[in-house]
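If you want the building blocks of each chain, they are given just below.
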Amino acid sequence: MSDKPVNHARAAEHFIEDTPHLQFHDERLWDMRQKRDAQMHILPEWQELREEASRIKEHTLSRLPEYLEQFETNARKNGIHVHWARDGAEHNRIVGEILKAHNARNLIKSKSMVTEECDMRPYLAKQGVTVTETDLGERIQQLDDQLPSHIVVPAVHKLTADVAKIFAKDYHTDPEIRDPHLLAEAQRQAARPVILHADAGMTGGNFVVAETGTFVVCTNEGNADLSATVPNLHIATIGIERLVPRMADMGVFIRLLSRSALGSPITQYTTHFRGPQKGGEMHVVLVDNGRSARLGMEDFWTSLKCIRCGACMNTCPVYRRSGGLSYGAVYSGPIGAIIDPTFNERKYSTLPYASTLNGSCTNVCPVKINIHEQLYKWRRVLVQHHEMPFVKREIMHMAGKLMGQPRMYRAAIKATEVSLSTMPRFVLYNWLNPWGKHRENPHPVKQTFNDWYRKNRETAAKPAAAPETKK
Amino acid sequence: MSTARDEILQALRANRPTPENHPLPPVATLGDLDASRERFITSLKILGGDVLEPVEGETLDQAILRRHPDAKVICSNVPEARGTLPVEKVKTPQDAATIDVTVVRAPFGIAEMGSIFLSEAQLPINSFAHLGQHIVVLLSVDQLTANMHTAYQERPEFKTANYGVLMSGPSATADIQGVLIRGAQGVRSLSVWFT
Ligand code: SF4
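Computed from a prediction, not measured in an experiment: that's the story for all the values here. Going along each chain's sequence as written, the residues are numbered from 1 onward. All chains are assigned letters beginning at A, and all ligands numbers beginning at 1, according to the order in which they are written. Where local features are concerned, this predicted model is filtered to residues with pLDDT of at least 70; where side-chain atom pairs are given and counted, the filter is 80 or more; whole-chain, interface and lining totals use all residues. Side-chain measures here rest on the full set of heavy atoms in the structure, leaving out hydrogens and waters.

Caption draft 1: The overall build of chain A, seen in detail. Strands here mean DSSP runs of E at least two residues long; helices mean DSSP runs of H or I at least four residues long; both are numbered from the N terminus. Looking only at helices and strands, one finds 22 helices and ten strands in chain A. Each residue's exposure class comes from its accessible area (1.4 Å probe, protein chains only) as a fraction of the maximum for that residue type: buried when under 20%, exposed when over 50%, partly exposed otherwise. Counting across all 471 residues of chain A, residues that qualify as buried make up 58%. Considering only contacts within chain A whose residues lie at least 6 apart along the sequence, 73% involve residues at least 24 apart. About 20700 Å² of surface is accessible on chain A, with carbon and sulfur atoms providing 55% of the total. Contact criterion: two residues are considered in contact whenever any of their non-hydrogen atoms come within 4.5 Å of each other. What sets the accessible areas is the Shrake-Rupley method with a 1.4 Å probe; for residues, cover comes only from the shown protein chains.

Caption draft 2: Inspection of the packing of helix H8 (residues 136-143) of chain A against helix H9 (residues 160-171) of chain A at higher detail. All names here are of chain A. For every element, the axis is a line fit to its C-alpha atoms; helices are fit only across the contacting stretch, and the angle between N-to-C directions ranges from 0 to 180 degrees. Where H8 contacts H9, the axes come no closer than 10 Å and their chain directions differ by 70°. Taken together, H8 and H9 sit at an angle that is classed as roughly perpendicular. Between H8 and H9 the crossing geometry is left-handed. Touching Leu-136, Arg-139, Ile-140 and Leu-143 of H8 are Val-163, Ile-166, Phe-167, Lys-169, Asp-170 and Tyr-171, all from H9. Note that Gly is not counted as nonpolar here; it falls among the polar residues with everything else outside the nonpolar set of Ala, Val, Leu, Ile, Met, Phe, Trp, Tyr, Cys and Pro and the charged set of Asp, Glu, Lys and Arg. The residue inventory of the contact of H8 with H9, partitioned by class, reads seven nonpolar, no polar and three charged. Here roughly perpendicular refers to angles of 65 to 115 degrees, roughly parallel to angles under 35, roughly antiparallel to angles over 145, and oblique to all remaining angles. Should the near helix be turned anticlockwise from the far one by less than a right angle, the crossing is termed left-handed; should it be turned clockwise, right-handed.

Caption draft 3: Seen up close, the sheet that holds strand E5 (residues 115-119) of chain B. The pairing criterion for strands is at least two bridges between them, as found by DSSP. In spatial order, the strands read E8(A)-E5(A)-E6(A)-E9(A)-E8(B)-E5(B)-E4(B)-E7(B); together these eight strands make up an open sheet with mixed pairing. Strands with a single pairing partner mark the edges of an open sheet, and in this sheet they are strand E8 (243-244) of chain A together with strand E7 (144-145) of chain B. The pairing of strand E4 (residues 109-110) of chain B with E5(B) spans two bridges and is classified as antiparallel. Considered in E5(B), the bridge of Gly109(B) is made with Ile116(B).

Caption draft 4: The site of the ligand, seen in detail. The cutoff for a nearby residue is simple: one of its non-hydrogen atoms must lie within 4 Å of the molecule or strand. Looking at the ligand, there are 14 residues lining it, with Cys306(A), Cys309(A), Gly310(A), Cys312(A) and Cys365(A) nearest. A class-by-class count of the residues in the shell around the ligand yields twelve nonpolar, one polar and one charged.

Caption draft 5: Representation of the interface of chain B and chain A within the structure. With 77 residues of chain B at the contact, the number on the chain A side is 91 residues. A 1.4 Å probe defines the accessible area here, and the buried area is the portion of it lost by two parts on being joined, summed over both. For the pair chain B and chain A, the summed buried surface comes to about 7000 Å²; carbon and sulfur atoms form 57% of the total. Looking at the side of chain B facing chain A, the largest losses of area belong to Asp175(B), Ile176(B) and Gln185(B), adding up to 11% of the total buried there. Salt bridges, as used here, are contacts in which a Lys or Arg side-chain nitrogen is within 4 Å of a carboxyl oxygen on Asp or Glu. On the surface where chain B and chain A come into contact, there are nine salt bridges. Among the ionic pairs, Glu69(A) bridges to Arg5(B), the shortest N-O distance being 3.8 Å. Contacts described as polar in this section are N or O atom pairs within 3.5 Å, which, within protein, must combine one atom able to donate a hydrogen with one able to accept it, while residues neighboring in sequence count only if both atoms come from side chains. Summed over the shared surface of chain B and chain A, the result is 48 residue pairs in polar contact (both at pLDDT 80 or more). For the side of chain B that touches chain A, the secondary-structure elements that each account for two or more residues are helix H1 (4-15), helix H4 (128-131), helix H5 (148-154), helix H6 (157-160), strand E8 (163-167), strand E9 (172-173) and strand E10 (181-182) of chain B. In terms of residues, the side of chain B that touches chain A owes the most to one element, H1(B), which gives nine residues. Split by residue class, the side of chain B that touches chain A holds 38 nonpolar, 28 polar and eleven charged. Note: strand E9 (residues 269-273) of chain A against E8(B), five bridges, orientation antiparallel. By the bridge assignment, Tyr269(A) is partnered in E8(B) with Met167(B).

Caption draft 6: Focus on the packing of aromatic side chains. Residues and elements named next belong to chain A. Centres within 6.5 Å make a pair out of two Phe, Tyr or Trp rings, where for Trp the six-membered ring is used; the pair is then stacked when the planes are under 30 degrees apart, edge-to-face when over 60, and tilted otherwise. The final tally for this structure, using the stated rule, is twelve aromatic pairs over all chains. Between the aromatic rings of Phe-215 and Phe-273, the centroid separation amounts to 5.3 Å while the plane-to-plane angle is 25°, which identifies the pairing as stacked. With a gap of 58 residues between them, Phe-215 in strand E6 (residues 214-219) and Phe-273 in strand E9 connect regions that are remote in the sequence. On the basis of relative accessible area, Phe-215 is assigned to the buried category, the value being 0%. Accessibility expressed as a relative area gives 2% for Phe-273, which makes it buried.

Caption draft 7: Representation of unusual backbone geometry within the structure. Residue and element names in this part refer to chain A. The backbone of Asp-119 sits at a positive phi, close to 55°, despite the residue not being glycine. Relative to the helices and strands, Asp-119 resides in the loop between helix H6 (113-118) and helix H7 (120-126). At His-172, a position not held by glycine, the phi torsion is positive, near 60°. If you trace the backbone, His-172 turns up in the loop between H9 and helix H10 (180-196).

Caption draft 8: Up close: H8(A). For H8(A), the buried fraction is high: eight of the eight residues fall into the buried class. If you follow the buried residues of H8(A), they end up packed against H6, H7, strand E3 (130-133), H9 and H10 of chain A together with E9 of chain B. The opening residue of H8(A), the one whose side-chain oxygen lies 3.1 Å from the backbone nitrogen of Gly137(A), is Asp135(A).

Caption draft 9: Here's a closer look at the confidence of the model for chain A. Summing up the model confidence of chain A, the mean pLDDT is 90 and the portion of residues at 70 or higher is 85%. The predictor reports its confidence for every residue as pLDDT, a score running from 0 up to 100. Within the model, the stretch residues 464-471 of chain A combines pLDDT values under 50 with zero contacts to residues more than four positions away or in other chains.

Caption draft 10: How the structure looks around the packing of H9(A) against H10(A). Residue and element names in this part refer to chain A. Where H9 contacts H10, the axes come no closer than 10 Å and their chain directions differ by 30°. Here H9 lies roughly parallel to H10, going by the angle between them. Crossing handedness for the pair H9 and H10: left-handed. Across from Thr-160, Val-163, Ala-164, Phe-167 and Tyr-171 in H9, the residues of H10 making contact are Pro-180, Leu-183, Ala-186, Gln-187 and Ala-190. Looking at the contact of H9 with H10, its residues break down into eight nonpolar, two polar and no charged.

Caption draft 11: Local environment of the pattern of salt bridges. Residue and element names in this part refer to chain A. Under the criterion given, the structure shown has 39 salt bridges over all chains. Of the charged contacts, one joins Lys-35 and Asp-31 as a salt bridge, the two residues approaching to 2.8 Å between their closest N and O atoms. On the criterion of helical spacing, the pair formed by Lys-35 and Asp-31 is a turn pair, its members being four residues apart in helix H2 (residues 19-42). A relative accessible area of 40% places Lys-35 in the partly exposed class. Look at Asp-31 and you get partly exposed, because its relative accessible area is 30%. In this structure, the salt-bridge partner of Glu-58 is Lys-305, at a minimum N-O distance of 2.9 Å. Of this pair, Glu-58 sits in helix H3 (residues 46-62) while Lys-305 is found in the loop between helix H13 (291-295) and helix H14 (311-315), placing the two residues 247 residues apart along the sequence. Owing to a relative accessible area of 1%, Lys-305 belongs among the buried residues under this scheme.

Caption draft 12: Main features of the pairing of strand E11 (residues 189-194) of chain B. Residues and elements named next belong to chain B. Within E11, six of the six residues are buried, which leaves it mostly tucked inside the rest of the structure. Two strands pair when backbone bridges link them, and strand E1 (residues 50-51) and E11 are joined in this way by two bridges, in the parallel orientation. Residue Asp-50 lies in a different strand from E11, and its bridge partner there is Ser-191. With six bridges joining them, strand E6 (residues 134-139) and E11 adopt parallel strand pairing. The residue bridging Val-136 from the neighbouring strand is Ser-191, located in E11.

Structural data, given as structure tokens:
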């Protein structure tokens, strides 16, 4: 894997050039955000739910070893094989061995971000295993050889025509189809035989219940259920942070998850796996892959509370206008910008800058992660570790000097205002001025706040401050 | 040689925040506690499910045919309906793929979400709930619970079933340009018949 920092800005530029895609992307995500808001307003207990979710998660993370052991004991009692993987390579090896022991060559798979993290598909391909994604969006991404661009809706950046083109190549459907129903039906017809002949099924796990040894999977298509109930071998890959202590805690999370994600009350399917089906075999692989280290980062450990609802992406103005693929990472959007640098600080050093720090992500997060504060903290860490791009570093350096000297700052503001109103466009809008890219600079004001204040308030304020007789 | 398990647990123990600062909150029961049939039906319809209302003098078999006139293979796992395919014929997970309509009984439903619960106790084989084209679910009104909190606290099935699915309407997707499509992979429709 190359360590070269992801050029998020350049990739976003590419995305922005294509107006129809950009506009749809922006509107679709904003629509999900608004549907989420509508759900929030229906429930007067919304903030209480968030608080409860946050506290349960923080508690669980502080006792994670105990809860993991409890889960393992209960799961084993019920016939689940439990495996532990330190990193992606170990995870892939374990999965490969299970499949080999069953001589399984066709794996059907429900969406799981952990397997993306581990880069499992190419590994299994080399072992002669065919992996077929069953989630429609994820399947589209698989056929197009792209990472998911959103954790809930992986192909959200594509339009119907894009999907028609991809399906035409692999399913031999008409490339001119513009009805999403026909395309979804083509996927259903193509997937059925693959599902019926699969040797093994794989799912992720949204939640893991320590008390009962259960893991819970939430999907809308029911594809996790198909993957788990048709073949007799079920492997689930789960991040170790996914635990909750009690079955009774699930109420809080199920009530929040889909409402935060898509604005629907619940996913169409919420499935509880506590043991293998009749005649079947079930394996759970618990994956660390950097999570235990993140738990030790004082400023960033609460990012492990994330339940992967995607609400922070849907609301983020930068994500909506740059597209998930521009992050160049498995996880995109605000939460991605926090956790990606923990995987590779240099490679993902540009991502914490892909935010306006407007705090909208923090406001919508169902488990109350202080996302925008963590983004800000990452910037500080990265500056300390010298991961800041040269131009940005120099500009910040100059800005720091300028802001430290009020008189110089005021003079600079005036000069900027003058130049904004008098300079020809080509001077303002070129590659040297990133603020002139893809946007109009602000209209120059006639009078700065400081000028106005001097004229109107400074003199008026003085006498007002004087009479200080009674307290 | 230390195992992956030991190493992970050890790292978690060394790195975790102070447990005393993060006590476990008591179990919450929040929100609307209305467990009525009306609330269930409203929620069910939001999620794309529907009620199969009986017409005067009609049997369940007739009602199913009224709703699914083209159905050839109807497989029932409840005594209330006969169907066309004896359920004993469904032995392997793949056998369920030929069914047009499956008929099952749910032990309970959740009014808040319009969800019904199914586990291996109600299914001849787990894939029975998913591989058929349509599903008709029998549900008793006194087996409705108010919301997700009450469901998880009151229903023993969550702790006893090996496989327990909450189905809230049919399989759905909006993965292609945001257009909502019912019947993506699993059942194309879900109808509830109250008993
Ligand atoms: S950080 Fe919060 S809002 Fe973002 S995906 Fe995770 S849980 Fe959802």
